[in-house]
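Structural overview
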Amino acid sequence: MKEQFPVLETVTYLDTAATAQKPLRVLQAQTAFALTRYANVHRGLYQLAEAATKTYEGTRQVAASFLGAEKKEIVFTKGTTEAMNLLAHTLPIKKGDRIITTVLDHHSTFVPFQQLAQRVKAEFIVLPLAKDGSLDMKAAQKEIKKGCAVLATTHLSNVTGEVLDVKQLAEWVHKQKGLIVIDGAQAAAHLKVNVKELGVDAYAFSGHKVYGPTGIGVLYIQEKLITTLPPYQFGGEMIDQVTIKKTTFANPPARFEAGTPPIIEAAGLMEALRFVAEHRDLIAKEEDLVEYAQKRLKALPVTIIGPENKTGCISFTLEKIHPHDVAQFLDEQGVAIRAGHHCTQPLHDSLGIPASNRISFGVYNDKEDIDVCIDALKKCVEVFDV
Amino acid sequence: MYKEHLMDHYKHPRHNKTLENPQAERYEKNPSCGDELTLQFTISDDDIIDVGFTGQGCAISIAAASMLLEELLGKSVDDVLAMTREDMLELIGVPLTTMRVKCGLLGLHTAKKALYQYKGKTLQGEW
Ligand SMILES: Cc1ncc(COP(=O)(O)O)c(C=O)c1O
């Protein structure tokens, strides 16, 4: 596996939750497309444009299958962040409605929906964590029962590694006739997702976290909802007819794809989604890595954040050493880990810490990477002498 | 980056104390990483005759504050206000990565704010 990722010869990379390294085959697919089939999509009448459109729309089909959805329910975005902004600007939320999110949420979900609440004077409810660091499902049920126009949250936390019970949340929300929109940025790389089984109304992820390119993401919006939503941005491609007096809009998904889309990136994304689908066995093995890493970490003076059961990542603080010092020290030992608030300031505030360290895993990581990281952490504890 | 000199200042910060009657005092925080510093100065005839700091943060911000105070003791207020970020980075002595420059400069930023305030002015611009 590692030979698909030449950069891993130079660094022990444990920051896949921030972005995944790209396999050669994804870059090659992208390059081959750009060199032989590239043109603008949905425009030219010539064969090259036809070929490019075929690839672009082919990726939409692959993305739909990846999520267990229909092609017409798939919108390409810049990434999860843009998807959440699109939803926060188009969902039918009005004054006095209850918008619910959680303290776990990434700023890319938290902030668009917080701002929406402020814009339309809706109520903004932030669900807390339970004592064990998992989402407080009792509080969730109670708050949803009081009314819920939309629940926006994550499928898999990029800090605690908790997989939320999205299916259960969806049931509760739908009982209130609300909508549930899910940030799948982390989940798409680690879990096999089926949006119909989960019963969600919208689901978003980013290409770059599933071994694909930056600049492209996937947003699923269930068919009934997508046909009712107004446009998010205006311009080429998203129109039906334009006159001096008025404009009518194309049907979804084109309605939500104004302007020239990330075409070359779509070719890369197709290959990346195939890569993920072909490596489900290796992805399943990441669970063992998480368990092994957690066991080894616990032998150090650490506080681990969140519940015991984790997928994809482990966040922690080393006693008395600032997370930035830890990450910097490890970098000097050739180990790349994250330090900061990981775009979850409300979560870190609720824990009473400004920052934490995080190690996260991808298909290319093995036990040796964890051993190297643990050795470096041990050395860090020694040098900082705590 | 974590050379002996820097680690020595981090583990044994100089002037890590609270002053009785400081003429200038300032608290500043680096919101991106949570580093916090309070700097105090005893000033006589515009000369800094005693210094103290308390705070918490990463090794870079604490060590840099310690090195800075060691340097400032005995200087005039105007000398300190004339110090540049380059002076501070030179004082730290090891090259900082972009992300850590702010940690290294927190001390100087806080000192300048304190001393501008002492002179009845406010510091213009970013650090
Ligand atoms: C849980 C989660 N949600 C959303 C995002 C935002 O993704 P992007 O920056 O690709 O839009 C990230 C990563 O940054 C994430 O980890």
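What you see is a predicted model, and the numbers here were worked out from it, not measured in a lab. (Residues numbered from 1 in each chain as written. Chains lettered and ligands numbered in written order. Predicted model: local features only at pLDDT ≥ 70, side-chain atom pairs only at ≥ 80, totals over all residues. Heavy atoms only, no water.)

So, about the overall build of chain A. When its secondary structure is counted, chain A shows 14 helices and 15 strands. Counting over 386 residues, chain A shows a buried share of 56%. Restricting to contacts in chain A with at least 6 residues of sequence separation, those with at least 24 account for 69%. Total accessible area on chain A is roughly 16,400 Å²; 52% of this is exposed by carbon and sulfur atoms. Mean positive and mean negative side-chain charge positions of chain A (43 and 45 charges, respectively) differ by 8 Å. (Helix = DSSP H or I, 4+ residues; strand = E, 2+ residues; numbered from the N terminus. Buried < 20%, exposed > 50% of the residue type's maximum accessible area, 1.4 Å probe, protein only. Contact = heavy atoms within 4.5 Å. Areas by Shrake-Rupley, 256 points an atom, 1.4 Å probe, with all protein chains shown as cover. Lys, Arg positive; Asp, Glu negative; His and termini not counted. Charge placed at Lys NZ, Arg CZ, Asp CG, Glu CD.)

What follows concerns the overall build of chain B. Within chain B one finds 5 helices and 3 strands. Its helices and strands in sequence order give chain B the pattern α-β-β-β-α-α-α-α, from N to C terminus. Relative to the compact-globule value of 14 Å for 127 residues, chain B shows a C-alpha radius of gyration of 13 Å, a close match. Seen along its three principal axes, the alpha-carbon backbone of chain B occupies a region of about 40 × 30 × 25 Å. Here chain B holds 127 residues, and the buried ones make up 48% of them. Here the contacts in chain B between residues at least 6 apart in sequence split such that 60% fall between residues at least 24 apart. With an accessible surface of roughly 6,200 Å², chain B has 46% of that area assigned to carbon and sulfur atoms. (Rg over C-alpha atoms; globule rule 2.2 N^0.38 Å.)

In this section: the environment of Ala267(A). All names here are of chain A. Inspection of the secondary structure puts Ala267 in helix 10 (residues 263-278). Its relative accessible area of 6% is what places Ala267 among the buried residues. It is 21 Å that separates the C-alpha atoms of Ala267 and Pro252, two residues lying 15 residues apart in sequence. When residues no more than four places from it in sequence are discounted, the contact partners of Ala267 are Phe33, Thr55 and Thr59.

Attention now moves to the interface of chain A and chain B. Of the residues lining the interface, 11 residues belong to chain A; the matching set on chain B comes to 15 residues. In total, about 1,100 Å² of surface goes out of reach between chain A and chain B, with carbon and sulfur atoms giving 52% of it. Taken together, the links from chain A to chain B amount to 1 salt bridge. A salt bridge links Arg100(B) to Asp325(A), with the nearest nitrogen and oxygen atoms 2.9 Å apart. On inspection of chain A and its partner chain B, the count reaches 8 residue pairs in polar contact (both at pLDDT 80 or more). Elements with a minimum of two residues in the side of chain A that touches chain B: helix 12 (323-332) and helix 14 (367-384) of chain A. When residues of the side of chain A that touches chain B are assigned to their parent elements, the largest contribution, 5 residues, is made by helix 12 of chain A. Here the residues of the side of chain A that touches chain B sort into 4 nonpolar, 3 polar and 4 charged. (Buried area = accessible area lost by both parts, 1.4 Å probe. Salt bridge = Lys/Arg side-chain N within 4 Å of Asp/Glu carboxyl O. Polar contact = N/O pair within 3.5 Å; in protein donor to acceptor, adjacent residues only side chain to side chain. Nonpolar A, V, L, I, M, F, W, Y, C, P; charged D, E, K, R; others polar.)

Residues and elements named next belong to chain A. Counting through the fold element by element, Thr101 comes out in strand 3 (residues 98-102). Only 2.9 Å separates the side chain of Thr101 from the side chain of Asp105, close enough to count as a polar contact. Each residue touching Thr101, except ones within four places of it in the same chain, is listed here: Thr109, Phe110, Phe124, Ile125, Val126, Leu127, Leu151 and Ala152.

Once that is clear, we can look at the pairing of strand 5 (residues 150-154) of chain A. All names here are of chain A. Counting buried positions along strand 5 gives 5 out of 5 residues, so the element sits mostly inside the fold. Burial of strand 5 is two-sided: the residues Val150, Ala152 and Thr154 facing one way and the residues Leu151 and Thr153 facing the other way are all buried. In terms of strand pairing, strand 3 meets strand 5 through 2 bridges, oriented parallel. The partner of Ile100 across the bridge, within strand 5, is Leu151. Here strand 5 pairs with strand 6 (residues 179-183) via 5 bridges, running parallel. Counterpart to Val150 in the pairing with strand 6 is Leu179. Crossover connection from strand 5 via helix 6 (residues 166-175) to parallel strand 6: handedness right-handed. (Pairing = 2+ DSSP bridges. Right-handed = clockwise from strand over helix to strand, strands pointing away.)

Turning our eyes to something else, we now look at helix 5 (residues 98-118) of chain B. All names here are of chain B. Taking 1.5 Å per residue as the helical rise, helix 5 with its 21 residues ought to reach 30 Å, and the 31 Å between its terminal C-alpha atoms agrees with that figure. The largest bend along helix 5 reaches roughly 40° and is located at Leu105. The buried fraction of helix 5 amounts to 15 of the 21 residues, a majority that puts the element mostly inside the structure. (Expected span 1.5 Å × (residues − 1). Bend = angle between axes of the 7 residues up to and from the residue.)

This paragraph deals with unusual backbone geometry. The phi angle of most residues is negative, glycine excepted, and most peptide bonds adopt the trans form. Residues and elements named next belong to chain A. The step from Pro252 to Pro253 runs through a cis peptide bond, and the omega angle for that step is 0°. Secondary-structure assignment places Pro253 in the loop between strand 10 (247-249) and helix 10. A positive phi angle is found at Lys177, which is not glycine, with a value near 65°. Turning to its location among the elements, Lys177 is positioned in the loop between helix 6 and strand 6.

A common way to report how large an interface is uses the accessible area buried once the components associate. Residues and elements named next belong to chain A. When the domains of chain A are assigned, the result is domain 1 (2-22 + 280-384) and domain 2 (25-277). When each unit is reduced to the centre of its C-alpha atoms, the spacing between domain 1 and domain 2 is 27 Å. When domain 1 packs against domain 2, the two sides together hide about 2,700 Å² of surface, and 59% of this comes from carbon and sulfur. Looking at the side of domain 1 facing domain 2, the largest losses of area belong to Lys22, Arg280 and Thr311, adding up to 26% of the total buried there. Taken together, domain 1 and domain 2 are joined by 0 salt bridges. For the pair domain 1 and domain 2, the number of links is 19 residue pairs in polar contact (both at pLDDT 80 or more). Among the elements of the structure, helix 11 (280-297), strand 12 (313-318) and helix 13 (345-351) are those that each provide at least two residues to the side of domain 1 that touches domain 2. Tallied by class, the residues present in the side of domain 1 that touches domain 2 amount to 15 nonpolar, 16 polar and 5 charged. (Domains from an automatic or database assignment.)

Time to look at the sheet that holds strand 15 (residues 356-360) of chain A. Residues and elements named next belong to chain A. Spatially, 11-12-15-14 is the arrangement adopted by the 4 strands of the open sheet, whose pairing is antiparallel. In this open sheet, the two edge strands, each paired with only one partner strand, are strand 11 (302-304) and strand 14 (338-340). Pairs of neighbouring strands in the sheet enclose a mean axial angle of 30°, with direction left out of account. Judged from the 3 bridges that link them, strand 14 and strand 15 form a sheet pairing that is antiparallel. Within the sheet, the bridge partner assigned to Arg338 lies in strand 15 and is Arg358. Relative to the sheet, helix 12 contacts strand 12, strand 14 and strand 15, its axis offset from that of strand 14 by approximately 155°. (Axes fitted to C-alpha atoms, helices over the stretch in contact; angles between N-to-C directions.)

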